[in-house]
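Survey of secondary and tertiary structure
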Amino acid sequence: GVVIGAVWTIAIAVAFLLLFLGFDAYTTAKVRLVDQATTYTHLIAEHDRFGFQLADMAMRDMMEDLTWDDYNGPLTPSKRRETIFNMLILHRDRVPGIASFTIVGADGIRRLGIVNKDGTDLSDRGYYKAAKEGQELYISNFEDGLASGKSGIHVSRRFNGPDGSFGGLIVMNLAAQEVFFSFYKSITLGPNAATSLRDASRVLMRFPIVDRKSVPGGGAVTTDPWAARIAAGEDRGTVVAVDPADDIEKITAFERLRGSNIYATSPLPLSNAMSGPKMAALASAIAALAMLFGAYGVVIAIEKAYTLAKAQDDVVEASE
């Protein structure tokens, strides 16, 4: 009985140790993946926040030198046009990746810009409609090469007249490749990983662009599992769910860009990162089960040996 108790004690202890090691390896790998997604998201949020902040600063500085007539007057003096154009160039060069920088009047007509033709009607653009409705700062979805020929995100700021009336706007296009994608590539997200900029209802931009459907078009987002948490106003968090963009289960971290309602997200696939730890956990479980079966076999052998020895003793005793 003592020997059998010792065998079961050792077997159970070793089995629990194997299960613990396997579970710990899996849990540690998952925590590491969550930390990786959170770190990526924080880096992206800080980088993009700084990019938008620089763009807004350049627009504010430019607007300080503009008057109502610059937005809505004829701009006939060539010297004034040259002065404003040079200011646009100066402020554009402060922020690498600005593909276009444009002044738009209250009527939606392009007054002056550093790319494309003046006099273009821009009243159908989202940034114009948002400014006219009273939105001070507007950040658009990813847009394909409008005006500047470079795909990117348009950032605009409303100009108000002395009485607060709508007087026009100033808008710039932040080229996606120069401002955003080059940084995303540098942090090496890995296969099937992605990142995106979004708010509660729109995906502004997604990288990498898998197909044309994955390029945001401004519609309401209803399928993202993390949309509800973003809509609830959480500053940051993680979600384990299937990414509707490619139907792969991922750990997605999200973080709000400080001072805005825009979020950065980093969905990292579970299958690649967790395949090794899953195999280790499964191997540990199998080894623990084998240990218990082995202990059971040893116990059965001990019991049979004990029974045989006792039978022999009985025969000897009976013979005597």
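All values derive from a computational prediction rather than experimental measurement. (Residues numbered from 1 in each chain as written. Predicted model: local features only at pLDDT ≥ 70, side-chain atom pairs only at ≥ 80, totals over all residues. Heavy atoms only, no water.)

With respect to the sheet that holds strand E2 (residues 110-113)
- Pairing within the open sheet is antiparallel, and its five strands lie in the order E2-E1-E5-E4-E3. The outermost strands of the open sheet, each flanked by one partner alone, are E2 and strand E3 (137-143). Neighbour to neighbour, the strand axes of the sheet diverge by 20° on average, direction disregarded.
- Across five bridges, E3 lies against strand E4 (residues 152-160) in antiparallel orientation. Considered in E4, the bridge of glutamate 143 is made with glycine 152. (Pairing = 2+ DSSP bridges. Helix = DSSP H or I, 4+ residues; strand = E, 2+ residues; numbered from the N terminus. Axes fitted to C-alpha atoms, helices over the stretch in contact; angles between N-to-C directions.)

Quick look at the packing of aromatic side chains
- For the coordinates displayed, the defined rule picks out nine aromatic pairs.
- Residues tyrosine 128 and phenylalanine 166 carry aromatic rings whose centres are separated by 5.7 Å and whose planes lie at 65° to one another, so their mutual orientation is edge-to-face. One end of the pair, tyrosine 128, is in helix H4 (residues 126-132); the other, phenylalanine 166, is in strand E5 (residues 166-175), and 38 residues separate them in sequence.
- With relative accessibility at 5%, the residue tyrosine 128 sits in the buried group.
- Taken together, a centroid distance of 6.3 Å and an interplanar angle of 15° make the contact between phenylalanine 142 and phenylalanine 181 stacked. Separated by 39 residues along the polypeptide, phenylalanine 142 in strand E3 and phenylalanine 181 in helix H5 (residues 176-186) bring together distant segments of the chain. (Phe/Tyr/Trp six-rings, centres within 6.5 Å; stacked < 30°, edge-to-face > 60°. Buried < 20%, exposed > 50% of the residue type's maximum accessible area, 1.4 Å probe, protein only.)

Regarding H5
- Taken together, the buried positions of H5 are Ala176, Val179, Phe180, Phe181, Phe183 and Tyr184. Viewed end-on, H5 has its buried residues packed into an arc of 155°, placing them on one side of the element.
- Phi turns positive one or two residues past the end of H5, at threonine 188, with a value near 50°. (Arc of directions from axis to C-beta.)

Side note on helix H3 (residues 78-92)
- The end-to-end C-alpha distance of H3, which contains 15 residues, comes to 21 Å, matching closely the 21 Å that a straight helix rising 1.5 Å per residue would cover.
- Burial in H3 covers these residues: Ile84, Met87, Leu88 and His91. Considered in projection along H3, the buried side chains sweep an arc of 100° and stay on one side of the axis. Exposed side chains of H3 directed beyond 90 degrees from the buried face belong to Ser78, Lys79, Glu82 and Leu90. (Expected span 1.5 Å × (residues − 1).)

A short note on the pattern of salt bridges
- Per the counting criterion, the structure on display carries 13 salt bridges.
- Taking the shortest distance from any N to any O, the salt bridge between arginine 94 and aspartate 61 comes out at 2.8 Å. Of this pair, arginine 94 sits in the loop between H3 and strand E1 (98-105) while aspartate 61 sits in helix H1 (residues 2-64), and the two are 33 residues apart along the sequence.
- Look at arginine 94 and you get partly exposed, because its relative accessible area is 38%.
- As a salt-bridge pair, aspartate 93 and arginine 92 come within 3.1 Å of each other at their nearest N and O atoms.
- Connected via shared salt-bridge partners are Glu46, Arg49 and Arg258. (Salt bridge = Lys/Arg side-chain N within 4 Å of Asp/Glu carboxyl O.)

Some details on the nonpolar core
- Counting 50 residues, the largest nonpolar core has Ile170, Phe180 and Leu197 as the members making the most contacts within it.
- Here the element with the most residues in this core is H1; it accounts for 11 residues.
- When sequence neighbours within four positions are dropped, the list of residues in contact with phenylalanine 180 reads Asp48, Phe52, Ile153, Leu174, Ala175, Leu197 and Met205. (Core = buried A, V, L, I, M, F, W, Y, C linked by side-chain atoms within 4.5 Å. Contact = heavy atoms within 4.5 Å.)

Quick look at the side chain of arginine 111
- With respect to the element layout, arginine 111 can be found in strand E2.
- With no salt bridge to any partner, buried arginine 111 finds its closest opposite charge in aspartate 107, at an N-O distance of 5.9 Å.
- Within the local environment of arginine 111, its side chain forms a polar contact with the backbone oxygen of tyrosine 71, the two atoms lying 2.9 Å apart. (Lys, Arg positive; Asp, Glu negative; His and termini not counted. Polar contact = N/O pair within 3.5 Å; in protein donor to acceptor, adjacent residues only side chain to side chain.)

Observations concerning the sheet that holds strand E6 (residues 195-198)
- Spatially, E7-E6-E10-E9-E8 is the arrangement adopted by the five strands of the open sheet, whose pairing is antiparallel. This sheet does not close on itself; its edge strands, each paired only once, are strand E7 (203-207) and strand E8 (236-243). Taking each pair of neighbouring strands and ignoring which way they run, the sheet shows an average axis angle of 20°.
- The pairing of E6 with E7 spans four bridges and is antiparallel. Pairing of serine 196 across the sheet is with arginine 206, part of E7.
- The strands that H5 touches are E6 and E7; relative to E7, the one it contacts most, it runs at about 50°.

Details of the pairing of strand E9 (residues 248-256)
- Sheet topology places E8 next to E9; eight bridges connect them, and they run antiparallel. Bridge assignment links glycine 237 to a residue of E9, and that residue is phenylalanine 254.
- Note: E9 against strand E10 (residues 263-269), seven bridges, orientation antiparallel. Paired with lysine 250 across the bridge in E10 is proline 269.

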